[in-house]
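The lines below spell out each chain.
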Amino acid sequence: DWLLRHMGKGAEDRATLVAVFEQGEDRLSLEPILSPYEWEVIWTRTCAEAAAAVRRTAPPIIVCDERFADGELKELWNELGKNPCPPEFILASRLADERLWAELLNLGGYNLLTKPFRPEEVIRTIHGALTEWQLARNRAIHKSAAFNAGAHISLKGDQELCLP
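Cut-offs used in this document
Residues numbered from 1 in each chain as written. Predicted model: local features only at pLDDT ≥ 70, side-chain atom pairs only at ≥ 80, totals over all residues. Heavy atoms only, no water. Buried < 20%, exposed > 50% of the residue type's maximum accessible area, 1.4 Å probe, protein only. Helix = DSSP H or I, 4+ residues; strand = E, 2+ residues; numbered from the N terminus. Arc of directions from axis to C-beta. Patch = residues over 30% accessible without salt bridge, like charges linked within 9 Å, V, L, I, M, F, W, Y side chains within 5 Å. Areas by Shrake-Rupley, 256 points an atom, 1.4 Å probe, with all protein chains shown as cover. Salt bridge = Lys/Arg side-chain N within 4 Å of Asp/Glu carboxyl O. Lys, Arg positive; Asp, Glu negative; His and termini not counted. Charge placed at Lys NZ, Arg CZ, Asp CG, Glu CD. Axes fitted to C-alpha atoms, helices over the stretch in contact; angles between N-to-C directions. Parallel < 35°, antiparallel > 145°, perpendicular 65-115°, else oblique. Left-handed = near helix turned anticlockwise from the far one by under 90°. Contact = heavy atoms within 4.5 Å. Nonpolar A, V, L, I, M, F, W, Y, C, P; charged D, E, K, R; others polar. Pairing = 2+ DSSP bridges. pLDDT = per-residue confidence, 0-100.

**Some words on helix α3 (residues 47-57)**
Next, step 1: Buried within α3 are the following residues: C47, A50, A51, A53 and V54. Each buried residue of α3 lies within a common arc of 160 degrees when the element is viewed along its axis, so the set occupies one face. Away from its buried face by more than 90 degrees, α3 exposes R55 and R56.
Next, step 2: A positive phi of about 50 degrees marks A58, the residue just after α3.

Here it is, written out as structure tokens:
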């Protein structure tokens, strides 16, 4: 039900994606794939622009390339982690090797999209990421409600609750 309200033609509350690609051809490849779904896509070219967009909009998903002129993937990931309910992180690359998969998983990323982009893979991955983000948000809301009702919840380390 939530997905239907946030995706597709006539969605009442469109999901926002931040897309970070230095190369214009990546945007040209993704725009026709994403446009039928009426998602709000904020296109950025640098880590700094992406970080500002994430702070401004708190999107559920960020899709990005692995390299940026003004920073590294880890820097962008650290910025995303400051968000109380961080977006699902999807990395796009021409080379989906073991090193890149390991780095993505170590950072807590959601998935890897290979270039050139295949429409069915892009849409399936974004739908899955939106679903995962919503489930994580719902779990956090339920924990918060239980906590406010006086239930005991133990959090490890610096873990924060994602509030709506």
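**Some words on a negative patch on the surface**
Next, step 1: A cluster of acidic residues, E49, D70, E72 and E75, forms a negative patch on the protein surface.
Next, step 2: Relative to the helices and strands, E49 resides in helix α3.
Next, step 3: On the basis of relative accessibility, which here comes to 39%, the residue E49 falls in the partly exposed class.

**Topic: the packing of α3 against helix α4 (residues 73-80)**
Next, step 1: Their axes nearest at 10 Å, the elements α3 and α4 cross at an angle of 15 degrees. Classified by the angle between their axes, α3 and α4 sit roughly parallel to one another. In the packing of α3 onto α4, the handedness of the crossing is right-handed. In this structure, α3 contributes C47, A50, A51, V54 and R55 to the contact, and α4 contributes L76, E79 and L80.
Next, step 2: Residues belonging to the contact of α3 with α4 are distributed by class as follows: six nonpolar, no polar and two charged.

**Remarks on the pairing of strand β2 (residues 40-44)**
Next, step 1: Where strand β1 (residues 16-20) meets β2, five bridges bridge the pair, whose relative direction is parallel. Following the sheet pairing, L17 is matched in β2 by V41.

**Considering the sheet that holds β1**
Next, step 1: Ordered in space as β2-β1-β3-β6-β7, the five strands form an open sheet in which the pairing is parallel. This sheet does not close on itself; its edge strands, each paired only once, are β2 and β7 (111-114). Going from strand to strand, the sheet's axes swing by 20 degrees on average, the running direction of each strand aside.
Next, step 2: The strands that helix α2 (residues 24-34) touches are β2 and β3 (61-65); relative to β2, the one it contacts most, it runs at about 180 degrees.

**Comments concerning the confidence of the model for the protein chain**
Next, step 1: Mean pLDDT over the protein chain: 79, with 78% of residues reaching 70 or higher.
Next, step 2: Here residues 152-164 is modelled with pLDDT under 50, and outside its nearest four sequence neighbours on either side it reaches 18 contacts, counting other chains as well.

**Details of helix α5 (residues 98-107)**
The α-helix winds at 3.6 residues per turn, so residues separated by three or four positions along the chain end up facing the same way.
Next, step 1: Looking at α5, one finds that the buried residues are L100, L104 and L107. Buried residues of α5 fall within an arc of 70 degrees about the axis and therefore sit on the same side. In α5, the exposed positions angled more than 90 degrees off the buried face are occupied by E98, L105 and N106.
Next, step 2: Where α5 is buried, its residues contact α4, β6 (88-93) and β7.
Next, step 3: Once α5 finishes, G108 follows within two positions and takes phi at roughly 90 degrees, a positive value.

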